[in-house]
Amino acid sequence: MDCCIFSLFGSLILQLLLLSGLSSTSYISKFSVDDAALSSVPNELVLDLNPEVADCPCDDPAWCKPLTDTPEKEVFAFSIRSDTSHWERFDWSKLTTVVVFGYLNDSLTCLAHSHNVRVIMLGDVSVQTFTDAAKRQQWIQTQLLLVQKHFLDGINFDFEGQVGLNDTLIRDSYTTLVKETTQVFKKVLPSYQVFLVVILSLFQADN
């Protein structure tokens, strides 16, 4: 599965999911990254799949390996609490992916992978970073290193800033960021997930 778009109606729904830790079925629209696109990725953006990291913290070393299967339907949980009692409330038999916001905890990765559930992190990025080509490339390298260091399965984009119809620099740069991140991650490991969360407001519209 390549870069995916996960649409939610209104920020209130997302906030409720984050606070409750409940899961939500996502409807996936994906665009592919072909071999030609992958071969065009600059070498300096592509990192080793097996960087020097700490020993696997899981009871089973297999749980430190990224998951490679591709489920037909995705069911997400959004987690903002680095708390075992919070994770125990998840219905692991139904989940396919947990998105973590504001923390990284290897214990969650071990638990999720033991249930064959992916863990992906939030790709927090500023406008100042993704509108600058050099900073954008460095940011992508840093995110990939974090994913590898913490045995994760990918990254989630959730930019909620206002983008006007005439903000072509922000719009085009953010599109480029997602595309370049997808290309780099997929070249390192095709099963890595790159998701884009789109907040659709029913009450706001550009003038």
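Up top is the structure.
Residues numbered from 1 in each chain as written. Predicted model: local features only at pLDDT ≥ 70, side-chain atom pairs only at ≥ 80, totals over all residues. Heavy atoms only, no water.

S.K.: Describe the packing of helix α6 (residues 133-149) against helix α7 (residues 168-188), and please don't skip the residues or the numbers.
M.R.: Close contact between α6 and α7 brings their axes to 10 Å; oriented N to C, the two are set at 40 degrees. Judged by the angle between their axes, α6 and α7 are oblique. Here the hand of the crossing between α6 and α7 comes out right-handed. Two secondary-structure elements touch here, α6 through Arg 136, Trp 139, Ile 140, Gln 143, Leu 144, Val 147 and Gln 148 and α7 through Ser 173, Thr 176, Leu 177, Glu 180, Thr 181, Val 184, Phe 185 and Val 188. Partitioned by chemical class, the residues of the contact of α6 with α7 number 8 nonpolar, 5 polar and 2 charged. (Axes fitted to C-alpha atoms, helices over the stretch in contact; angles between N-to-C directions. Helix = DSSP H or I, 4+ residues; strand = E, 2+ residues; numbered from the N terminus. Parallel < 35°, antiparallel > 145°, perpendicular 65-115°, else oblique. Left-handed = near helix turned anticlockwise from the far one by under 90°. Contact = heavy atoms within 4.5 Å. Nonpolar A, V, L, I, M, F, W, Y, C, P; charged D, E, K, R; others polar.)

S.K.: Any chance you could break down the pairing of strand β7 (residues 154-157) for me, citing the residues and the numbers?
M.R.: By the alternation rule, side chains of β7 split into Gly 154 and Asn 156 and Ile 155 and Phe 157, which are all buried. One ladder, built from 2 bridges, connects strand β6 (residues 118-122) with β7; its direction is parallel. Within the sheet, the bridge partner assigned to Leu 122 lies in β7 and is Asn 156. (Buried < 20%, exposed > 50% of the residue type's maximum accessible area, 1.4 Å probe, protein only. Pairing = 2+ DSSP bridges.)

S.K.: Can you break down the pairing of β6 residue by residue, with the values?
M.R.: Of all 5 residues that make up β6, 4 are buried, and the element is covered over most of its length. Once you follow strand β5 (residues 97-100) into helix α4 (residues 106-114) and on to β6, the crossover reads as right-handed. (Right-handed = clockwise from strand over helix to strand, strands pointing away.)

S.K.: I'd like a rundown of the nonpolar core, residues and numbers included.
M.R.: Across soluble globular proteins, you tend to see nonpolar side chains buried next to one another. Within the largest apolar cluster, 34 residues are counted, with the highest numbers of intra-cluster contacts made by Trp 92, Leu 95, Val 98, Leu 108, Phe 157 and Leu 177. Where this core is concerned, the elements lending two or more residues are β4 (74-79), β5, α4, β6, α6, β7, α7 and β8 (193-200). Among the elements that line this core, the one with the most residues is α7, at 7 residues. If we ignore the near neighbours within four places in the chain, the residues touching Leu 177 are Val 125, Phe 130, Arg 136, Trp 139, Ile 140 and Phe 157. In this structure, Phe 76, Phe 78, Val 99 and Phe 101 belong to the second largest nonpolar core, which totals 6 residues. (Core = buried A, V, L, I, M, F, W, Y, C linked by side-chain atoms within 4.5 Å.)

S.K.: Give a description of the state of the cysteines that names residues and reports values.
M.R.: Evaluated as defined, the whole model comprises 2 disulfides. Here Cys 56 pairs with Cys 64 through a disulfide, and the sulfurs are 2.0 Å apart. On the sign convention where negative is left-handed, the bridge of Cys 56 and Cys 64, at about 85 degrees about the S-S bond, is right-handed. Each sulfur in the disulfide pair Cys 58 and Cys 110 lies 1.9 Å from the other. (Disulfide = S-S within 2.5 Å.)

S.K.: Lay out unusual backbone geometry in plain terms, naming residues and giving numbers.
M.R.: The residue Asn 116 is not glycine, and still its phi comes out positive at about 60 degrees. With respect to the helices and strands, the residue Asn 116 is situated in the loop between α4 and β6. We note that Phe 151 has phi near 60 degrees; this positive angle belongs to a residue other than glycine. As for its position among the elements, Phe 151 is in the loop between α6 and β7. The class of Phe 151 is buried, set by a relative accessible area of 10%.

S.K.: I'd love a proper account of the packing of aromatic side chains, names of residues and values included.
M.R.: This model, assessed by the stated rule, comprises 10 aromatic pairs. On the basis of an interplanar angle of 20 degrees and a centroid distance of 6.1 Å, the ring pair of Phe 76 and Phe 78 is categorised as stacked. By relative accessible area, which is 1% here, Phe 76 ends up buried. An aromatic cluster is defined as three or more aromatic residues linked by ring pairs; in this entry it consists of Phe 130, Trp 139, Phe 157, Phe 159 and Tyr 174. (Phe/Tyr/Trp six-rings, centres within 6.5 Å; stacked < 30°, edge-to-face > 60°.)

S.K.: Outline the pattern of salt bridges, listing residues and values.
M.R.: A full pass over the atoms with the stated rule returns 4 salt bridges. Notably, a salt bridge pairs Asp 172 with Arg 171, separated by 3.1 Å at the nearest N-O pair. Given a relative accessible area of 40%, Asp 172 falls into the partly exposed group. Residue classification places Arg 171 among the partly exposed residues on the basis of a relative accessible area of 42%. (Salt bridge = Lys/Arg side-chain N within 4 Å of Asp/Glu carboxyl O.)

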